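Coordinates in review
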Amino acid sequence: MSIPTLQGEQTSILYLPKEQNLLIAGSAGTGKSLLAMYKSIYLAVSNPDEKILLLTFNRAVNNKIKEDCKIVCEYLNQEYPKNLIIDTVYSFSQKMIVDLAEHIKEEGYTTPTAKNILQFLKVERKDTIPALMPAKKEELIAQAVQKASEKYSDMAIFKRSSDTYIEEVSWIERWDIANFETYKAADRVGRRKHRIRRDDREYIWEIYQSYLQLMESSDINRLYSFDSIYRYLNQF
C-alpha cells in the first residue's frame, strides 16, 4: 500500500509554530489536504493534553482523511492519537449548537436561539437534528418556486432549471443576507450557468421567504439548513 508523504516545502510548514495562523493556498492536487492531515497528527501527538480539530467540507473527504491518518500512524509506528477529532464542518457545527444550548440552560440564562434549540429537542426525538436535510431542502425550494410561479406566470425567471433556485437560495443562506435591500445590492460573482438579472432578484427573494416559511412550518419543523448553520451558530 502506498503511504502518502510530505515533499519539499511541505515538511518545513509542518514544523511551524502552532500559535501561527496559516493559510495554505494551491490548486487541486498540490497536497493541501495531505499537509492538513500530517499537521493535525503532529499537533495531536506533540500536544496530548489538547484536542486537535480537523474540519472538512464533505463526508467523502472526511472519511478518506480518517483512513489515511490511520495508515500514516501505522507507517510511523505511532498510536492513533485519541485527541485528534476529524469531522465535517456541518456535523461539528451541529454538535456545537446542541451543546451550547444545553450549556446555556445549565448556566441559568438563555437566548432566543438557545430557547428554540431546547424547545426543538424537547419536542422531537433526541436523534432528530434541527437541521433540514439537503433532499428535503430541494423539495421545499421547488414548492416555493411553484407558489411564486403561479403568482407571476408570465415571468421568464420561473422557467429556469431547479439548480438555479437551489444555488441562489443556498448563496443567500451562506452569506447570511438579512433583507432584500442587502441582497439586491450585493455583488453576486462566481456564477456561470445560473446568472440572474438584478431586476429578477425580487422574485428570488420571494422564493427564499416562502422557503423559510415552509421550513419552519409545523409539519417540517426545522430551524435551519446546513447552508445557514454558521449563521445559526453565530447567533449564540
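Provided above is the structure to which this section pertains.
Conventions adopted
- Residues numbered from 1 in each chain as written.
- Predicted model: local features only at pLDDT ≥ 70, side-chain atom pairs only at ≥ 80, totals over all residues.
- Heavy atoms only, no water.
- Salt bridge = Lys/Arg side-chain N within 4 Å of Asp/Glu carboxyl O.
- Helix = DSSP H or I, 4+ residues; strand = E, 2+ residues; numbered from the N terminus.
- Buried < 20%, exposed > 50% of the residue type's maximum accessible area, 1.4 Å probe, protein only.
- Phe/Tyr/Trp six-rings, centres within 6.5 Å; stacked < 30°, edge-to-face > 60°.
- Disulfide = S-S within 2.5 Å.

Comments concerning the pattern of salt bridges
- On inspection of all chains with the given rule, the structure shows 11 salt bridges.
- We note a salt bridge from Glu 67 to Lys 70, for which the minimum N-O separation is 3.7 Å. With a gap of 3 residues between them, Glu 67 and Lys 70 both fall in helix α3 (residues 59-75), about one helical turn apart.
- Judged by relative accessible area, Lys 70 falls into the partly exposed class, the value being 41%.
- Across the salt bridge formed by Lys 95 and Asp 87, the nearest N and O atoms sit 2.9 Å from each other.
- Look at Lys 95 and you get partly exposed, because its relative accessible area is 45%.
- Judged by its relative accessible area of 8%, Asp 87 is buried.
- Ionic contacts of the salt-bridge type, sharing partners, join the residues Lys 137, Glu 173, Arg 174 and Asp 227 into one network.

Observations concerning the packing of aromatic side chains
- Per the stated rule, a full pass over the model turns up 10 aromatic pairs.
- Ring centres of Tyr 15 and Tyr 42 lie 5.1 Å apart, and the angle between their planes is 85°; on these two criteria the pair is classed as edge-to-face. One end of the pair, Tyr 15, is in the loop between α1 (9-14) and α2 (32-46); the other, Tyr 42, is in helix α2, and 27 residues separate them in sequence.
- Ring geometry for Trp 171 and Trp 175: centres 6.2 Å apart, planes at 40°, overall tilted.

Notes on the state of the cysteines
- Tallied over the entire structure, the rule returns 0 disulfides.
- Just so you know, Cys 69 is unpaired, no disulfide at all, and the nearest cysteine sulfur is the one on Cys 73, 6.3 Å from it.
- A relative accessible area of 2% places Cys 73 in the buried class.

Just distances and angles here, no functional claims.
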